[in-house]
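# Structure at a glance
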Amino acid sequence: TVHTIDIAKVKVGDSVIITGGGPIGLLTLQLAVKAGAAKVLLSEPIAEKRELAKRFGADVTVDPLHEDLLAISNKFTDRRGFNVCIEATGIPALARQLILLSERCGSIVWAGVYPGNIDLGVPIFYMYSKELSVHSVKLAPYSFPRALQILPKLDLKPLITVYPLEDALK
């Protein structure tokens, strides 16, 4: 997630959307807030994860199964779009949707793991006309030392589930 924030170039005052409230999305949210994001929206269908996102600094959370993410995003950003869009679910349709949610000269980071046979059908002229930057994240061993240094500053307990060893096969 440190590498995701590096690639996204989150700056003080940025507006950020993160799709996905799993461990990667919630860690990315915490780091975006610490990097100075002024407005953060997190989209996640599970209510408990949306509550964690609020606790971690999200200004707005959206249940994409029951709410209109595009309409809420437009209202939240005064129809400008987000400076930084981070997709952390691995759902190709969301990776494509972030193109529409990005502000002019915005940065889109695909941090999810996507199937190898998917073609998004990206609207090239639309991206050209908005000067969008698209990046993907795989791994970055050079950010590991910084990731270790920031760990004590993050709220990790709610992201950890412990199961008894005898339940390991389940």
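Structure shown above.
Conventions used here
Residues numbered from 1 in each chain as written. Predicted model: local features only at pLDDT ≥ 70, side-chain atom pairs only at ≥ 80, totals over all residues. Heavy atoms only, no water. Pairing = 2+ DSSP bridges. Helix = DSSP H or I, 4+ residues; strand = E, 2+ residues; numbered from the N terminus. Axes fitted to C-alpha atoms, helices over the stretch in contact; angles between N-to-C directions. Contact = heavy atoms within 4.5 Å. Phe/Tyr/Trp six-rings, centres within 6.5 Å; stacked < 30°, edge-to-face > 60°. Buried < 20%, exposed > 50% of the residue type's maximum accessible area, 1.4 Å probe, protein only. Lys NZ or Arg CZ within 6 Å of the ring centre and 35° of its normal. Right-handed = clockwise from strand over helix to strand, strands pointing away.

Next up on the list: the sheet that holds strand β5 (residues 102–110). Pairing within the open sheet is parallel, and its six strands lie in the order β3-β2-β1-β4-β5-β6. The strands lining the two open edges of the sheet, one partner per strand, are β3 (60–62) and β6 (133–136). Strand-to-strand twist in this sheet, taken as the mean axis angle between neighbours without regard to direction, amounts to 15°. Sheet analysis places strand β1 (residues 15–19) next to strand β4 (residues 82–87), joined by four bridges and oriented parallel. If you follow I18 over to β4, its bridge partner there is I86. Along the sheet, helix α2 (residues 23–35) makes contact with β1, β2 (39–43) and β4, crossing β2 at roughly 175°.

Glancing now at the packing of aromatic side chains. If you walk through the whole model with that rule in mind, you get two aromatic pairs. Summarising the aromatic geometry, the rings of F76 and F82 are spaced 6.1 Å apart at their centres and angled 35° between planes, so their arrangement reads as tilted. Residue classification places F82 among the buried positions, given a relative accessible area of 0%. Relative to Y128, the ring of F125 lies with its centre 5.6 Å away and its plane at 45°, an arrangement referred to as tilted. With F125 and Y128 both in helix α6 (residues 124–130), this residue pair falls three residues apart, about one helical turn. Each member of the pair, F125 as well as Y128, carries the same accessibility label: exposed. Seen from the ring of F76, K39 lies directly overhead, with NZ or CZ sitting 4.7 Å from the centre.

This part takes up the pairing of β5. Among the nine residues that make up β5, seven are buried, leaving the element largely enclosed by the rest of the structure. Direction of pairing for β4 relative to β5: parallel, over a ladder of five bridges. Bridge pairing in β5 places C85 opposite I108. For the crossover that starts at β4, traverses helix α5 (residues 92–101) and ends in the parallel β5, the hand is right-handed. Sheet topology note: the β5/β6 ladder contains four bridges and is parallel. Looking across to β6, one finds that S107 is bridged to S133.

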